[in-house]
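The primary structure of each chain is shown beneath.
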Amino acid sequence: MAQSDKQPTINDVARMAGVSKKTVSRVINRSPLLKSDTRAKVEAVIAELGYVPNPQARALALRRNFLLGLLHDNPNAQTVLNFQEGVLDAIADTEFALVVRPVNRHSPAMLDDIRHFLEMQRPFGVMILPPISEDDALAELCREVGCGYVRMGSAELDAPEHMVESNDREAVERAVDYLVEMGHRRIAMIEGPEGFRSARERSDGFLAAMKRHGLEVRPEMLAPGHYTFESGLAAAEQLLAISPRPTAIFAGNDEMAAGALHVAGRRGMAVPDDLSLVGFDDSPLAAHIWPPFTTVGWPIAEMARAAALKLIHPAEAGTQPSRFRSDLVRRASVASPASNA
């Protein structure tokens with residue numbers, strides 16, 4: 001009998017392996033809940049049959065594409081890149097692909113634009129970065145069109161299956177505690193952009209720690225920033241013109257801390273001998289710049305991976321963590337203040 005040219009299907013794999021179609025799908029999509037022997041058995045049948053999943057056919061049946069959308073309006077490109085890294089790790093060797101969709105949160109048509117994207121592309125689900133993740137109307141839009149979603153934030157925004165959050169406030173308090181332990185009393189802050197929950201959480205953590213240590217924070221010791229290098233330059237120029245100047249600066253992210261480092265050098269000040277600096281993110285910049293920054297490690301890639309897995313395996317979303325811990329990474333940009341500071 002001539003060999004059939006018919007391509008093997010997921011039903012064939014399930015029948016030969018003695019499992020359900022759902023189990024085969026979980027193997028294909030790397031579900032973390034499968035037993036190793038079950039996974040090995042199904043993978044062996046897939047190899048024996050030469051089965052190749054057909055995402056287009058499955059998408060047609062499900063009326064959803066195997067796309068994960070990343071929605072963002074974030075001025076910090078490194079944050080977006082780090083998040084992408086975590087998502088790509090989660091979807092490696094699966095049928096899923098990532099599509100990145102920048103939006104303009106200041107546009108009155110933002111929700112309409114996102115609705116059009118969701119209805120045209122029909123993604124399996126979307127991950128939403130701050131600050132637009134803080135918009136409840138956007139979450140409601142996802143529910144209305146039947147699109148899975150996970151929101152990233154610096155505080156609790158939604159039910160656990162729909163969010164990943166970090167403990168920014170507590171992490172910044174620990175950073176200030178460290179500066180005080182090192183002997184600093186005149187500590188300034190470069191804040192994040194208005195409208196970002198992360199900026200508010202980090203500012204609140206800074207102010208809470210300073211109050212707890214009995215340290216005054218004069219208004220001029222708080223400089224506005226926008227999570228960009230250029231805003232760090234402007235803020236540091238303002239702060240280092242104060243008399244007496246601060247002996248330490250906490251910046252709301254590493255890019256702004258890099259701007260402060262640049263200004264200090266231009267003024268003939270050495271870091272950390274004349275000025276201590278602390279950033280936030282633990283981006284590659286923080287480790288590669290000189291001196292390498294003390295910074296708060298923000299586990300963006302781990303949060304992104306969990307967000308993607310919550311979408312890929314919604315029935316197992318509860319197995320993925322929702323809260324992630326940020327910790328202080330001590331490097332060479334902090335020292336005790338000079339005796340004449």
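Refer to the structure above for everything that follows.
Fair warning: this is a prediction, and the values are worked out from it, not measured in the lab.

> Give a detailed account of the overall build of the protein chain, specifying residues and quantitative values.
When helices and strands are tallied, the protein chain shows 13 helices and 12 strands. Put simply, 72% of the contacts in the protein chain that link residues at least 6 apart link residues at least 24 apart. Entry remark: accessible area of the protein chain is about 15600 Å², with carbon and sulfur atoms responsible for 51%. Of the charged side chains in the protein chain, 37 are positive and 44 negative, and the gap between their average positions amounts to 4 Å.

> Give a detailed account of the sheet that holds strand β1 (residues 67–72), specifying residues and quantitative values.
Strand order in the open sheet made by the 6 strands is β2-β1-β3-β4-β5-β11, with parallel pairing throughout. Looking at strand neighbours, the two that pair on one side only are β2 (97–102) and β11 (323–324), the edges of this open sheet. Summarising the sheet, strand β5 (residues 163–166) and β11 pair through 2 bridges and their orientation is parallel. Of the residues in β11, the one forming a bridge with serine 166 is phenylalanine 324. Helix α7 (residues 136–145) rests against β3 (125–128) and β4 (148–153) of the sheet, and its axis sits at about 160° to β4.

> Account for the nonpolar core, with residues named and values stated.
Residues Leu68, Phe83 and Met127 are the most contacted members of the largest nonpolar core, which totals 44 residues. Filtering out sequence-adjacent residues up to four positions away, phenylalanine 83 remains in contact with Leu70, Met127, Leu129, Met152, Ile300, Ala304 and Ala307. Counting residues in hydrophobic clusters, the runner-up holds 29 residues, among them Ala236, Leu240, Ala251 and Leu261.

> Pulling in residues and values, what's your account of the packing of helix α6 (residues 110–121) against α7?
Look at α6 against α7: their axes get within 11 Å of each other, and the N-to-C directions meet at 30°. Put simply, α6 runs roughly parallel to α7. Judged by the twist between their axes, the crossing of α6 over α7 is right-handed. Side by side, α6 and α7 meet where Leu111, Ile114, Arg115, Leu118 and Glu119 of the first sit next to Ala137, Leu138, Leu141, Cys142, Glu144 and Val145 of the second. For the contact of α6 with α7, the residue count by class is 8 nonpolar, no polar and 3 charged.

> Outline empty space enclosed by the protein, listing residues and values.
Where empty space is left in the structure can be found by rolling a water-sized probe over the atoms. The tally for this structure, following the rule as stated, stands at 1 cavity of 30 Å³ or more. If you trace the largest cavity, you find it lined by Asn74, Asn76, Thr79, Pro130, Phe196, Ser198, Arg202, Tyr227, Asn253, Asp281 and Trp298. Among the residues forming the lining of the largest cavity, the class breakdown is 4 nonpolar, 5 polar and 2 charged.

> Explain the sheet that holds strand β7 (residues 222–223) to me, and be specific about the residues and the numbers.
Read across the open sheet, the 6 strands follow the order β7-β6-β8-β9-β10-β12; overall the sheet is mixed. The sheet is open, and its two edges are formed by β7 and β12 (327–329), each paired on a single side. Bridging between strand β6 (residues 187–190) and β7 involves 2 bridges; their strand directions are parallel. Across the sheet, isoleucine 190 pairs through a bridge with alanine 223, a residue of β7. Sheet strands in contact with helix α9 (residues 197–212) are β6, β7, β8 (248–251) and β9 (276–281), and its direction is about 170° off that of β6. Lying over the sheet, helix α11 (residues 254–266) contacts β6, β8, β9 and β10 (294–297), oriented at roughly 155° with respect to β9.

> Tell me about the side chain of aspartate 12, residues and numbers included.
Tracing the chain through its elements places aspartate 12 in helix α1 (residues 10–17). Owing to a relative accessible area of 18%, aspartate 12 belongs among the buried residues under this scheme. Ignoring sequence-local partners within four residues, the contact set of aspartate 12 consists of Gln7 and Leu49.

> Break down the pairing of β4 for me, citing the residues and quoting the values.
By the criterion of burial, β4 is predominantly enclosed, with 5 of the 6 residues buried. In this fold, the crossover linking β3 to β4 by way of α7 has right-handed handedness. Direction of pairing for β4 relative to β5: parallel, over a ladder of 3 bridges. Each residue of the ladder has a partner; that of methionine 152, found in β5, is valine 164.

> Go over the pattern of salt bridges with me, naming the residues and quoting the values.
Opposite charge on two side chains makes pairing possible when the charged atoms of those side chains draw close. Counted by the stated rule, this structure contains 22 salt bridges. Between glutamate 140 and arginine 143 there is a salt bridge, and its shortest N-O distance comes to 2.9 Å. Within this pair, glutamate 140 and its partner arginine 143 are both found in helix α7, separated by 3 residues, close to a single helical turn. Looking at glutamate 140, the relative accessible area reads 41%, which means it is partly exposed. Residue arginine 143 is classed as partly exposed on the basis of its relative accessible area, which comes to 43%. A salt bridge links arginine 331 to aspartate 282, with the nearest nitrogen and oxygen atoms 2.9 Å apart. One end of the pair, arginine 331, is in the segment after β12; the other, aspartate 282, is in the loop between β9 and α12 (284–288), and 49 residues separate them in sequence.

> Tell me about the packing of aromatic side chains, and name the residues and values.
Across all of its chains, the model carries 5 aromatic pairs by this definition. Measuring from ring centre to ring centre gives 6.2 Å for phenylalanine 280 and tryptophan 298, while their planes differ by 70°; the resulting arrangement is edge-to-face. Here tryptophan 298 lies in the loop between β10 and α13 (300–312) and phenylalanine 280 lies in strand β9, a separation of 18 residues in the sequence. According to the relative accessible area criterion, tryptophan 298 is buried, its value standing at 9%. Three or more aromatic residues link up through ring pairs in this structure, and these residues are Phe66, Phe96 and Phe124. Geometry around phenylalanine 280 places arginine 202 over its ring, the cationic atom sitting 3.7 Å from the centre. The ring of tryptophan 298 has arginine 202 sitting right over it, with the charged end atom 4.9 Å from the ring centre.

Rules and cut-offs
Residues numbered from 1 in each chain as written. Predicted model: local features only at pLDDT ≥ 70, side-chain atom pairs only at ≥ 80, totals over all residues. Heavy atoms only, no water. Helix = DSSP H or I, 4+ residues; strand = E, 2+ residues; numbered from the N terminus. Contact = heavy atoms within 4.5 Å. Areas by Shrake-Rupley, 256 points an atom, 1.4 Å probe, with all protein chains shown as cover. Lys, Arg positive; Asp, Glu negative; His and termini not counted. Charge placed at Lys NZ, Arg CZ, Asp CG, Glu CD. Pairing = 2+ DSSP bridges. Axes fitted to C-alpha atoms, helices over the stretch in contact; angles between N-to-C directions. Core = buried A, V, L, I, M, F, W, Y, C linked by side-chain atoms within 4.5 Å. Buried < 20%, exposed > 50% of the residue type's maximum accessible area, 1.4 Å probe, protein only. Parallel < 35°, antiparallel > 145°, perpendicular 65-115°, else oblique. Left-handed = near helix turned anticlockwise from the far one by under 90°. Nonpolar A, V, L, I, M, F, W, Y, C, P; charged D, E, K, R; others polar. 1 Å grid on protein atoms, 1.4 Å probe; cavity = no way out; pocket = protein on both sides within 12 Å on 5 of 7 lines; lining within 4 Å. Points joined across faces, edges and corners; volume = space filled by probe spheres on them. Right-handed = clockwise from strand over helix to strand, strands pointing away. Salt bridge = Lys/Arg side-chain N within 4 Å of Asp/Glu carboxyl O. Phe/Tyr/Trp six-rings, centres within 6.5 Å; stacked < 30°, edge-to-face > 60°. Lys NZ or Arg CZ within 6 Å of the ring centre and 35° of its normal.

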